[in-house]
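Inside the fold
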Amino acid sequence: MTASTGSKAHDSMLTARKSNKNIALDVADALEGEKAPFLAGDGKEVEVEVESEGLSAREKKAMGLLIVLFGLAFGSVPFLLRARLSYSQIGFFSFCTYPYSLKLLWSPIVDSFFIKSVGRRKSWIIPVQLIVGACLLWASKNVEALIDQETPDVKTITWLFLILVFFAATQDIAVDGWALELLDRPNLSYASTAQTIGLNIGYFLSFTVFLAFNSVEFSNKYFRPSSAPLDYPLLSLPAYLHFWAYGFWIVTAYLAFFQAEAPPHEESDDMDVKKVYSIMYKIIKLKHVQALLLLHFISKLGIAAHEAATSLKFLEKGIKKEDLALAVLIDFPLQIYLGYQVGKQTRGMGSALTPWVWSQWARLVWAGLFMIEILSIPKDGSGNIGLPFFIVIILSTIGSSFVGTVNFVGISAFHTQISDPLIGGTYMTLLNTVSNLGGTWPRYFVLRAIDAVTIATCHVEEKHLFTANVEKNVPAEECFSERGKEQCAAIGGTCVVERDGYYAVSCVCIAIGCALLLFIIQPAAKRLQALPPSAWRVKMHEK
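Residues numbered from 1 in each chain as written. Predicted model: local features only at pLDDT ≥ 70, side-chain atom pairs only at ≥ 80, totals over all residues. Heavy atoms only, no water.

1. Overview of the overall build of the protein chain
Broken down by element type, the protein chain carries 21 helices and 5 strands. Put simply, the protein chain has 543 residues, and 55% of those count as buried. Within the protein chain, contacts between residues separated by at least 24 positions form 80% of all contacts whose residues are at least 6 apart in sequence. For the protein chain, the accessible surface area stands at approximately 24300 Å², while carbon and sulfur atoms represent 64% of it. (Helix = DSSP H or I, 4+ residues; strand = E, 2+ residues; numbered from the N terminus. Buried < 20%, exposed > 50% of the residue type's maximum accessible area, 1.4 Å probe, protein only. Contact = heavy atoms within 4.5 Å. Areas by Shrake-Rupley, 256 points an atom, 1.4 Å probe, with all protein chains shown as cover.)

Structural data, given as structure tokens:
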């Protein structure tokens, strides 16, 4: 294992168990700025509190590295597919995100196998990033043809991104473990801050920047003379993927030749894959770990419909994706700043879950407000909402993103604080995997439920010379995606939504979320954050 400041806590714990002498000095050297329990030689728990001086220059550099490694997102893909697919088909595409929810299965392998001369984490990050770059390069040459079909090849696109996300999830395991080693223990919550900033930057580039420059209308309006508009955008999807392929390779070259990694820890020789799986099993057997995993599994049910369908509903109502991207553009710098501030506030062990719980309530409120906003949009599909309503959407985006940032940073900070650096990649992956799964598993079922409850038909008016016109309902495969509407228009009809399942499913989700928060999540979170760090550890050498 890599010897780093992140593992000082473990070394000092071993020293403290051997002797009570000079324990304050040992602990102070390992843990700055927090009250930390250590087991002394007589089995008593000793707490020492010292002051932190904030991030060092080395840690600031590490923060920059973590931000880059966390920073790629694929937020635009569902928006590119929405025009031609139903909600059920987009739900099928969401299966490509499952590697992030299943990476626990191979995280012990990432924690156990490495080349000492390369580094425990770099042994995985470097080859994985080379592979991801190659996948992106291949996708840049093929994905547009798959998407631009009249009915996109959803299965092939899903498989392509499934492979891509698998390798990205594998890199995430290594980066999660490295974060525990690059930062000193009292500053571990900054790892979640780095992840928040990195993901926001990645989402900003892949959503706001890409969607804007991928729009023909935006390109002609702002970058081309009105007298000479063109029929193609400034930035195509192949060009965007091509850029990121080389971006991955450049970062990989920097890691390989300029970023040093501390040599493996002396105990890493004993940490073979079988032992890491065994330790992971012991961790899962801890009652409070099981309680935390259950909270993760159910905590996002209340906002499942909002997360899965609200943005797509805006598009369906006629709001342009460039306008939604503009809302994210305005929101982006605020989330970077707020993410950093929230990270500073969650440094204490006893406080990290408190903002997480309150942000859960706030997210339910925002889910309801967004539902009301969508209901208020004119039903003509023109998307002409006016400046005041657009400002409301922007303010709602900022508010919703803020509570989402508080939620993410709070729970991620708690994860970093309770994880043992010796098996950091596996421990963090266990917690993050179930957290991701809590948001992933309901998505497919929610989108299918919206499709099932929605009633939308194609109304065709038949014209007669001597009798009144007759309106008929024509059966259609579906009549709420852009492709369905085009098929209806081709026979002279108009899609009419008689019952929109989004509202019913959203109300059910919010009601379930309120009940779970009030009776299960909130009481359990209060108990869990009161536990000392030692309660989350397992004995490494116990058979």
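Having put the structure on the table, let's press on.
2. Structural notes on the environment of Leu-369
Note that Leu-369 resides in helix α17 (residues 353–376). Placed 31 residues apart in sequence, Leu-369 and Ser-400 show a C-alpha to C-alpha distance of 9.8 Å.

3. Observations regarding the nonpolar core
Counting residues in each nonpolar core, the largest one holds 64 residues, and the members touching the most others are Val-289, Phe-314, Trp-356, Val-446 and Trp-536. Of the residues forming this core, the biggest block, 11 residues, is contributed by helix α21 (residues 501–529). If we skip the residues at most four places from it in the chain, Phe-314 touches Ile-319, Leu-324, Phe-370, Glu-373, Ile-374, Ile-377 and Ile-393. Phe-161, Leu-164, Phe-210 and Tyr-240 belong to the second largest nonpolar core, which has 24 residues in total. (Core = buried A, V, L, I, M, F, W, Y, C linked by side-chain atoms within 4.5 Å.)

4. Observations concerning the pattern of salt bridges
Applying the stated criterion across every chain, the model contains 3 salt bridges. Its salt-bridge partner being Glu-307, residue Arg-363 comes within 3.7 Å of it at the nearest N-O pair. Linking Arg-363 in helix α17 with Glu-307 in helix α15 (residues 304–316), this pair joins segments that are 56 residues apart in sequence. Judged by relative accessible area, Glu-307 falls into the partly exposed class, the value being 42%. For Lys-313, the salt bridge is made with Asp-500, and the minimal N-O distance between the two is 2.7 Å. Highlighted residues: Lys-313 in helix α15 and Asp-500 in the loop between β5 (493–499) and α21, separated in sequence by 187 residues. Assessed through its relative accessible area of 2%, Lys-313 is described here as buried. (Salt bridge = Lys/Arg side-chain N within 4 Å of Asp/Glu carboxyl O.)

5. Some thoughts on the packing of aromatic side chains
Within this structure, the stated rule accounts for 18 aromatic pairs. Pairing Phe-243 with Trp-244 gives two aromatic rings, centres 5.5 Å apart and planes at 75°, and the pair type is edge-to-face. With centroids separated by 6.3 Å and ring planes inclined at 50°, the aromatic side chains of Trp-366 and Phe-370 adopt a geometry described as tilted. Of this pair, Trp-366 and Phe-370 both sit in helix α17, 4 residues apart, which is roughly one turn of that helix. Take Trp-366 and Phe-370: they sit in the same class, and that class is buried. Joined through ring pairs, the aromatic side chains of Phe-92, Phe-95, Tyr-98, Phe-297, Trp-441, Tyr-444 and Phe-445 make up one cluster. We note Arg-224 situated over the ring of Tyr-232; from NZ or CZ to the ring centre the distance is 5.0 Å. (Phe/Tyr/Trp six-rings, centres within 6.5 Å; stacked < 30°, edge-to-face > 60°. Lys NZ or Arg CZ within 6 Å of the ring centre and 35° of its normal.)

6. As for the side chain of Lys-122
Inspection of the secondary structure assignment puts Lys-122 in helix α8 (residues 122–147). Salt bridges are absent for the buried Lys-122, whose nearest opposite-charge side chain, Glu-261, sits at 5.7 Å. Of note is the side chain of Lys-122, whose polar atom sits 2.6 Å from the backbone oxygen of Gln-259. Apart from residues no more than four positions distant in its own chain, Lys-122 is found in contact with Pro-127, Trp-178, Leu-255, Ala-256, Gln-259, Ala-260 and Glu-261. (Lys, Arg positive; Asp, Glu negative; His and termini not counted. Polar contact = N/O pair within 3.5 Å; in protein donor to acceptor, adjacent residues only side chain to side chain.)

7. Quick notes on the packing of α15 against α21
A pair of packed helices is characterised by two quantities: the angle between their axes and the separation of those axes. Running from amino to carboxyl end, α15 crosses α21 at an angle of 150°, the nearest separation of the two axes being 9 Å. It follows from the interaxial angle that α15 and α21 lie roughly antiparallel. In the crossing of α15 with α21, the sense of the turn from one axis to the other is left-handed. Two secondary-structure elements touch here, α15 through Ala-304, Ala-305, Ala-309, Thr-310 and Lys-313 and α21 through Tyr-502, Val-505, Ser-506 and Cys-509. Residue classes in the contact of α15 with α21 are distributed as 6 nonpolar, 2 polar and 1 charged. (Axes fitted to C-alpha atoms, helices over the stretch in contact; angles between N-to-C directions. Parallel < 35°, antiparallel > 145°, perpendicular 65-115°, else oblique. Left-handed = near helix turned anticlockwise from the far one by under 90°. Nonpolar A, V, L, I, M, F, W, Y, C, P; charged D, E, K, R; others polar.)

8. Some words on a nonpolar patch on the surface
A grouping of Ile-109, Phe-113 and Tyr-277 is seen on the molecular surface, where their side chains present a nonpolar patch of about 260 Å² in accessible area. Classification of Ile-109 by relative accessible area gives partly exposed; the value is 30%. (Patch = residues over 30% accessible without salt bridge, like charges linked within 9 Å, V, L, I, M, F, W, Y side chains within 5 Å.)

9. Structural notes on helix α18 (residues 386–418)
Under the 1.5 Å per step criterion, the end-to-end length of α18 is 48 Å for 33 residues, consistent within 8% with the ideal 48 Å. The element α18 is extensively covered by neighbouring structure, given that 24 of its 33 residues are classed as buried. (Expected span 1.5 Å × (residues − 1).)

10. Comments concerning the packing of helix α13 (residues 273–285) against helix α14 (residues 287–298)
Orientation of α13 relative to α14, taken along the N-to-C sense of each, is 80°, at an axis distance of 5 Å. In terms of orientation, α13 and α14 fall into the roughly perpendicular class. Judged by residue contacts, Ile-283, Ile-284 and Lys-285 of α13 engage Lys-287, Val-289 and Gln-290 from α14. When the residues that make up the contact of α13 with α14 are grouped by side-chain class, the tally is 3 nonpolar, 1 polar and 2 charged.

11. Let's talk about the confidence of the model for the protein chain
When the pLDDT values of the protein chain are averaged, the result is 75; 71% of them are 70 or greater. By mean pLDDT, the top-scoring element of the protein chain is α21 (95), and the lowest-scoring one is helix α2 (residues 23–30) (30). Counted against residues more than four places away or in other chains, residues 1–52, with its pLDDT under 50, gives 110 contacts. In this model residues 464–470 is a low-confidence stretch, pLDDT under 50, and it forms 8 contacts with partners more than four residues away in sequence or in other chains. (pLDDT = per-residue confidence, 0-100.)

12. Description of the environment of Arg-120
Among the secondary structure elements, Arg-120 is positioned in the loop between α7 (107–112) and α8. Residues Arg-120 and Pro-263 lie 143 residues apart in sequence; the distance between their C-alpha atoms is 8.0 Å.

13. Remarks on the environment of Thr-426
Looking at the element boundaries, Thr-426 is found in helix α19 (residues 424–453). With a relative accessible area of 0%, Thr-426 lands in the buried category. Considered as a pair, Thr-426 and Ile-173 are 253 residues apart in the sequence and their alpha carbons are 7.3 Å apart. Excluding its chain neighbours within four sequence positions, the residues that come into contact with Thr-426 are Leu-104, Ser-107, Pro-108, Asp-111, Val-276 and Met-280.

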